[in-house]
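One letter stands for each residue in the lines below.
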Amino acid sequence: MTFARQLMNFIEDVSNFFSNLISDIHTFLNRFLSDDIILIFGILIAAFLATLIFRAVINKR
């Protein structure tokens, strides 16, 4: 098996892992919350992380 083939298989395995992880988290949260609330919390978490990263980059300079 070539290195390129092994690398593609590794990338595919990592992609499947994260896809299954997100799917499992969504299934678990869907027992308690509706899709709209999960989406709102996802947007809030993404905005919070973006703010933290932006502040970290600004403070480095």
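Our structure's up above, just so we're on the same page.
Now for a quick tour of the structure.

1. Focus: the overall build of the protein chain
Helix and strand counts for the protein chain come out as 2 helices and 0 strands. In terms of C-alpha radius of gyration, the protein chain reaches 17 Å, well past the compact-globule figure of 10 Å for 61 residues. With the C-alpha coordinates aligned to their principal axes, the bounding extent of the protein chain is approximately 45 × 45 × 10 Å. Across the 61 residues that make up the protein chain, the buried fraction comes to 2%. By element, 69% of the accessible surface of the protein chain is carried by carbon and sulfur atoms, the whole surface being about 5,800 Å². The distance from the centre of the 5 positive side-chain charges to the centre of the 5 negative ones in the protein chain is 18 Å.

2. Thoughts on the packing of aromatic side chains
Tallied over the full model, the rule gives 2 aromatic pairs. With a centroid separation of 5.3 Å and 75° between ring planes, the pair formed by Phe-17 and Phe-18 is classed as edge-to-face.

3. Considering the environment of Asn-20
Within the secondary structure layout, Asn-20 lies in helix H1 (residues 3–30). In sequence terms Asn-20 and Ile-53 are 33 residues apart; their C-alpha atoms lie 26 Å from each other.

Reading the values: the criteria
- Residues numbered from 1 in each chain as written.
- Predicted model: local features only at pLDDT ≥ 70, side-chain atom pairs only at ≥ 80, totals over all residues.
- Heavy atoms only, no water.
- Helix = DSSP H or I, 4+ residues; strand = E, 2+ residues; numbered from the N terminus.
- Rg over C-alpha atoms; globule rule 2.2 N^0.38 Å.
- Buried < 20%, exposed > 50% of the residue type's maximum accessible area, 1.4 Å probe, protein only.
- Areas by Shrake-Rupley, 256 points an atom, 1.4 Å probe, with all protein chains shown as cover.
- Lys, Arg positive; Asp, Glu negative; His and termini not counted.
- Charge placed at Lys NZ, Arg CZ, Asp CG, Glu CD.
- Phe/Tyr/Trp six-rings, centres within 6.5 Å; stacked < 30°, edge-to-face > 60°.

Interpretation in functional terms is not warranted from these geometric data alone.
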